[in-house]
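Breakdown of the fold
In case you want the letters, here they are:
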Amino acid sequence: MNIPFHSRPLGSCSPGPPTCASCGSSSQRIVCGSISVLFNMDYETKVYPRSGGYGKFNRLVVLFSWFPTFAVMLNLFCDVFYTLIPELYHCKPDPRLLPSCFQFSNYSKQGYLNITIPWVNGSRRSHCQLFKYPRNVSVFNENLPKQKVSCTRGWEYTHSAGLNRNYVTEWDLVCGDYWKVPLQHICFMAGWIFGYVLLGTLCDWVGRRRAFLISVSLSSVLGVALCIANNPVVFLLLRLAQGAMLAGVLLASYISRLEVCDPPNRLMVAMIGGFFGVGAELLLPVLVVLCRDWKILQAVATLPLILLLSYWCCESVFPESPRWLLSTSQLHQAKRSLRMFSSGNALCLRDENQPGERLLADMDSVYGDNCQPEFHTVLELRQTRVVWRNCLILSFTLFIGTGIQYCFKRNLPSFTTNFYFTYFLRVLTRALSCLFLCFTVNRFGRRSILLLSAIITGLSSLLLLALTLYLHDGLLMVLSVLGLLSSQALAMLSLLFASEVMPTVIRGGCLGLVFAAGCVGIAASSLMELQNNAGYFLHHVIFASFAVLSVLCIMLLPESRRKPLPDSLDDGESWRRPPLFLLRGTARDSLLLLLPTNPPPPEYNASSYSCLLTATHRMLCKGEIPLKMAVPAQSSSPTPPPLEVGERVEEGSWDSSFVEGEDIQPLNPSLGPLDSLSMSEDI
């Protein structure tokens, strides 16, 4: 059995050199390596088709990987309603601040509020102040001297949208305690950042399935604990921890669904996962109306996470990625996973002539039981150049795509104060961005559409930054919606792009870093709210500048459309930067930009080389230059006569010039360059 060995080893298996079937002698020398020596570079062509390809079982695995996305997005966007500040609220009137002679029965409720609560600019009642009157007066009237003081008995809230009771109204996080609301946002995003980095590395150490199950279990427990939180500090800490676990659920399911897909279906699989997130956003307002209390809503949002615990019992709905098992040289687990996929795709492994059975037989015959797994960490990015660069650029684009959305969302409330209008407008733009990517990315390529999204985002941001005071409100609305749509497309495509160019052995850690950069962009908007939007202009200028800078960075990325996922670090390093708007799938990638590369060796043609050698010999002999020829014994071809002026060199020789005369007969084509010519040292 002839098995090609053409990839750099990653593991530490020592199968020993294969022996000849007749004499038992060693037939070739093999460098110690892993299973990836056999299958790493050609997983899509060698392993994937023999396990059934993108068959029924793979589709089932992808389907069950979308449900975690729905559950995570439901818990993520609950935070919008948990921290929603009511539109109208005011201090509770305090009778102790009124004169002792005040008669409550002489005033209606509205009159009582007008006497106790000051008005701001004649448009609304003050949120944070009360009137304090002199205590010892005999007759009360509105012209008495009074002073303004802070609220003493809490607040009353008017609930025009959202929950009747949420995180803000439960603990009165308004006025002097307003800063605790954006702080909760920042802590929640900090939990996601920590979870992406930690659990992304865990995906590379223990596998996608184990990291997923650990994250689901802990997030369910923390979700239940949130329902009984009794003070804002406990709520904040539990929310931070749950954010970290939700990040692990989302990351593990995202990686798993892409690693069981073939290249043509990766885009649609990722975008349908995005539509599941959009579905969670659309369902959430309905749940809010039905629940009306944040603790009940938290319990309802935790229920899908509890249902995901059933994945512990049924391995077939969320199996371990065979691609990761092979890349890390886990032979026994890889064989077991491949049998599961082959059986689920209706491939019978009992017949030894079946492709799946031959694949497992090849693995057994080469490695036996001597395989030792080898795991990798994201710290190995320091030893790479291309992978590190791609990770940095895509983290930068995702950071811009998520951070700049705040600049566009801030212009939407100026057109209407209806919370649900702006909420559903954001959901609609997210759905439209998914549709836009579905119809364009496979046609024009990842890099081209990413570049287009960055350009539109930057232009929209710059126009809003420079012309807000001069443009019509309708045009401002169009620019805000267009910028929001393009920035969401930029963020989603950056995630897909990063998952396709990162090697399998460190895909979890690298993609975790990219996801974490996106969360940093979201947290930047909360920093603006923490300062009461004092630095909004600077925030807008910085992100608009970054959007323009990202256009130059995106041009350094490779193209991953319809290409197999890289498995080893060497695979990731070998990806090239193609010309912009590369439409032909058969075109070769160009050389790496800004990186020293060696040109590929020319293809050797024995016939052309022998003709070149013969013509060169004749020219040297004609000029009486000393030359020593070493003709091998096996060569029976006579030495051709010297070329005369006017003779023609036949096609396939070294020269394309035309002369008259007889043809040149090439030397034996089987001779190599060192067997044909031996020149003296003086020449």
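What counts as what
Residues numbered from 1 in each chain as written. Predicted model: local features only at pLDDT ≥ 70, side-chain atom pairs only at ≥ 80, totals over all residues. Heavy atoms only, no water. Helix = DSSP H or I, 4+ residues; strand = E, 2+ residues; numbered from the N terminus. Buried < 20%, exposed > 50% of the residue type's maximum accessible area, 1.4 Å probe, protein only. Contact = heavy atoms within 4.5 Å. Areas by Shrake-Rupley, 256 points an atom, 1.4 Å probe, with all protein chains shown as cover. Salt bridge = Lys/Arg side-chain N within 4 Å of Asp/Glu carboxyl O. Patch = residues over 30% accessible without salt bridge, like charges linked within 9 Å, V, L, I, M, F, W, Y side chains within 5 Å. Core = buried A, V, L, I, M, F, W, Y, C linked by side-chain atoms within 4.5 Å. pLDDT = per-residue confidence, 0-100. Phe/Tyr/Trp six-rings, centres within 6.5 Å; stacked < 30°, edge-to-face > 60°. Lys NZ or Arg CZ within 6 Å of the ring centre and 35° of its normal. Disulfide = S-S within 2.5 Å.

1. Brief notes about the overall build of the protein
Assigned secondary structure in the protein consists of 23 helices and six strands. When burial is assessed residue by residue, the protein has 52% of its 683 residues classed as buried. Sequence separation of 24 or more characterises 77% of the internal contacts of the protein that already satisfy a separation of 6 or more. On the protein, roughly 32100 Å² of surface is accessible, and the fraction owed to carbon and sulfur atoms is 61%.

2. Brief notes about the pattern of salt bridges
Two side chains with opposite charge may pair up if their charged atoms get near one another. Per the counting criterion, the structure on display carries twelve salt bridges. A salt bridge links Arg165 to Glu170, with the shortest nitrogen-to-oxygen separation between them at 2.3 Å. With its nearest N and O atoms 3.0 Å apart, the salt bridge here joins Glu315 to Arg336. With Glu315 in the loop between α10 (294-307) and α11 (322-327) and Arg336 in helix α12 (residues 331-344), this pair connects stretches of sequence that are 21 residues apart. Within the structure, one salt-bridge network assembled from shared partners comprises Asp204, Arg208, Glu259 and Arg507.

3. Here's the deal with a nonpolar patch on the surface
A surface patch of nonpolar side chains, about 360 Å² in accessible area, is lined by Val224, Leu303, Ile306 and Leu307. Here the element with the most residues in the nonpolar patch is α10; it accounts for three residues. As for its placement among the helices and strands, Ile306 is situated in helix α10. You can call Ile306 partly exposed: its relative accessible area is 38%.

4. Structural notes on the nonpolar core
Core analysis: the biggest nonpolar cluster contains 136 residues, and Trp192, Tyr196, Leu284 and Leu297 have the highest contact counts within it. Here Leu284 is in contact with Leu74, Phe77, Cys78, Phe81, Leu297 and Tyr423, once residues within four sequence places are set aside.

5. Let's talk about the confidence of the model for the protein
Mean pLDDT over the protein stands at 79; residues scoring 70 or higher make up 75%. When the elements of the protein are averaged for pLDDT, helix α23 (residues 673-676) gives the smallest value, 40, and helix α7 (residues 208-226) the largest, 95. A low-confidence stretch, residues 1-41 (pLDDT under 50), is modelled with 92 contacts involving residues beyond four sequence positions or located in other chains.

6. What to know about unusual backbone geometry
Its identity is not glycine, yet Asp172 carries a phi of approximately 50°, on the positive side. Note that Asp172 resides in the loop between α5 (167-170) and α6 (180-206). Given the relative accessible area of 23%, Asp172 is considered partly exposed. Its identity is not glycine, yet Arg292 carries a phi of approximately 65°, on the positive side. For Arg292, the location among the structural elements is in the loop between α9 (266-291) and α10. Residue classification places Arg292 among the partly exposed residues on the basis of a relative accessible area of 27%.

7. Focus on the packing of aromatic side chains
In this description, an aromatic ring pair is defined by two values, namely the gap between the centres and the angle between the planes. In this structure the tally under the stated criterion is 33 aromatic pairs. Between the aromatic rings of Tyr89 and Tyr157, the centroid separation amounts to 5.8 Å while the plane-to-plane angle is 40°, which identifies the pairing as tilted. With Tyr89 in strand β1 (residues 88-91) and Tyr157 in strand β6 (residues 155-158), this residue pair connects regions lying 68 residues apart in the sequence. Across the pair, Tyr157 and Tyr89 agree in class, each one buried. Linked through ring pairs, Phe64, Trp66, Phe67, Phe212, Phe276, Tyr311 and Phe318 together constitute an aromatic cluster. Positioned over the ring face of Trp575 is Lys563, at 5.4 Å from the centre of the ring.

8. Focus on the side chain of Ser487
As for its placement among the helices and strands, Ser487 is situated in helix α18 (residues 473-501). Assessed through its relative accessible area of 0%, Ser487 is described here as buried. Discounting residues that sit within four places of it in the chain, Ser487 has contacts with Gly401, Ile404, Gln405, Phe408 and Thr457.

9. Section: the state of the cysteines
Scanning the entire structure with this criterion turns up two disulfides. Put simply, Cys91 and Cys151 are joined by a disulfide, and their sulfur atoms are 1.4 Å apart. Taken as a pair, Cys91 in strand β1 and Cys151 in the loop between β5 (147-150) and β6 lie far apart in primary sequence, 60 residues in all. Judged by relative accessible area, Cys151 falls into the buried class, the value being 18%. Disulfide partner of Cys128: Cys175, at an S-S distance of 1.9 Å. Between Cys128 and Cys175, the disulfide has an S-S torsion of -95° and is therefore left-handed. Here Cys128 is found in the loop between β3 (124-125) and β4 (129-132), whereas its partner Cys175 is found in the loop between α5 and α6, with 47 residues between them in sequence. Owing to a relative accessible area of 23%, Cys175 belongs among the partly exposed residues under this scheme. Cysteine Cys313 remains unbridged, with the sulfur of Cys314 as its closest cysteine sulfur at 8.3 Å. Sulfur of Cys391: no disulfide; nearest cysteine sulfur belongs to Cys510 and is 4.8 Å away.

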